[in-house]
Amino acid sequence: MNKAELIEKVSALTEVNKKDAEAIVDATFEVIAAKVASGETVKISGFGIFEKKERATRIGTNPSNQEKIEIPASNTISFKVSKTLKAKLN
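Predicted model, so just to flag it, every value in this text is computed and none were measured. Every chain is numbered on its own, with residues counted from 1 as its sequence reads. The model is predicted, so local features are restricted to residues of pLDDT at least 70 and side-chain atom pairs to those at 80 or more, both for listing and for counting; the totals for chains, interfaces and linings are taken over all residues. Side-chain measures here rest on the full set of heavy atoms in the structure, leaving out hydrogens and waters.

Peer 1: Any details on the packing of aromatic side chains? Residues and values, ideally.
Peer 2: Each Phe, Tyr or Trp ring, with Trp reduced to its six-membered ring, pairs with another whose centre is within 6.5 Å; inter-plane angles below 30 degrees give stacked pairs, above 60 give edge-to-face pairs, and intermediate values give tilted ones. Counted under the stated rule, the structure contains three aromatic pairs. Ring geometry for Phe50 and Phe79: centres 4.7 Å apart, planes at 45°, overall tilted. In this pair, Phe50 sits in strand 2 (residues 48–55) while Phe79 sits in strand 5 (residues 74–81), placing the two residues 29 residues apart along the sequence. The class of Phe50 is buried, set by a relative accessible area of 17%. Helix and strand definitions follow DSSP, with helices as H or I runs of at least four residues and strands as E runs of at least two, each counted in order from the N terminus. Three exposure classes are used, based on accessible area relative to the maximum for each residue type with a 1.4 Å probe and protein chains only: buried under 20%, partly exposed in between, and exposed over 50%.

As structure tokens, then:
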């Protein structure tokens, strides 16, 4: 499923037009991204938890010449599935 299909499903389920459904989906993603970027954990009951994770600097290997390189520290996002959603999948 891509974003356009998600908007279409939200529009059908909520009986709002596609333009309004797109605004709802975009706003939802923006709020989640902003909160996680600021370091907050976003917990959505029955769905899961989004949180910011920090990756430390580490040593890697350049595959083309096998030289050791330093990979800088970075931030990423982590998602942990809720027990409710996991039960629906199994």
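Peer 1: So, helix 1 (residues 3–14): which residues are in play, and what are the values?
Peer 2: A helix is expected to span 1.5 Å for every residue after the first. Between its first and last C-alpha atoms helix 1 spans 16 Å; for 12 residues at 1.5 Å apiece the expected length is 16 Å, and the two agree. Those residues of helix 1 that fall on the buried side of the exposure criterion are Ile7, Val10 and Ser11. Buried residues of helix 1, viewed axially, fall in a sector of 100°; they line one side. More than 90 degrees from the buried face of helix 1, the exposed residues found are Lys9, Ala12 and Leu13. Here the arc refers to the directions that run from the helix axis out to each C-beta atom.

Peer 1: Any chance you could break down the side chain of Ser82 for me, citing the residues and the numbers?
Peer 2: Position of Ser82 among the secondary structure elements: in the loop between strand 5 and helix 3 (83–89). A relative accessible area of 14% places Ser82 in the buried class. Should any heavy atoms of two residues lie within 4.5 Å, those residues are counted as being in contact. With residues up to four places along the chain from it excluded, the contact list for Ser82 reads Gly46, Phe47 and Gly48.

Peer 1: Go over the pattern of salt bridges with me, naming the residues and quoting the values.
Peer 2: The working definition used for a salt bridge is a side-chain nitrogen of Lys or Arg within 4 Å of a carboxyl oxygen of Asp or Glu. Within this structure, the stated rule accounts for four salt bridges. In this structure, the salt-bridge partner of Asp26 is Lys3, at a minimum N-O distance of 2.5 Å. Within this pair, whereas Asp26 is found in helix 2 (residues 18–37), its partner Lys3 is found in helix 1, the two being separated by 23 residues in sequence. Judged by its relative accessible area of 40%, Lys3 falls in the partly exposed class. Taking the shortest distance from any N to any O, the salt bridge between Glu8 and Lys18 comes out at 3.8 Å. Taken together, the residues span a long stretch of sequence, with Glu8 in helix 1 and Lys18 in helix 2 at a distance of 10 residues.

Peer 1: Which residues make up the environment of Ser64, and what are the values?
Peer 2: Relative to the elements of secondary structure, Ser64 occurs in the loop between strand 3 (58–61) and strand 4 (68–71). The exposure class assigned to Ser64 is exposed, which follows from its relative accessible area of 66%. Polar side-chain contacts of Ser64 include one of 2.9 Å to the side chain of Asn62. Here a polar contact means two N or O atoms within 3.5 Å. Within protein one must be a hydrogen donor candidate and the other an acceptor candidate, and residues neighboring in sequence count only if both atoms are side-chain atoms.

Peer 1: Please give an account of the sheet that holds strand 5 that cites residues and values.
Peer 2: Paired through backbone hydrogen bonds, the strands of a sheet run either parallel or antiparallel to each other. Taken in spatial order, the three strands of this open sheet run 1-2-5, and their pairing is antiparallel. The open sheet has two edge strands with one neighbour each: strand 1 (42–44) and strand 5. In this sheet, neighbouring strand axes are inclined to one another by 25° on average, regardless of whether the strands run parallel or antiparallel. Comment: axis = line fitted to C-alpha atoms, over the contacting stretch for helices; angle = value between 0 and 180 degrees taken between N-to-C directions. Contacting strand 1, strand 2 and strand 5, helix 2 crosses the sheet at an angle of about 40° to strand 2. We call two strands paired when DSSP finds no fewer than two bridges between them.

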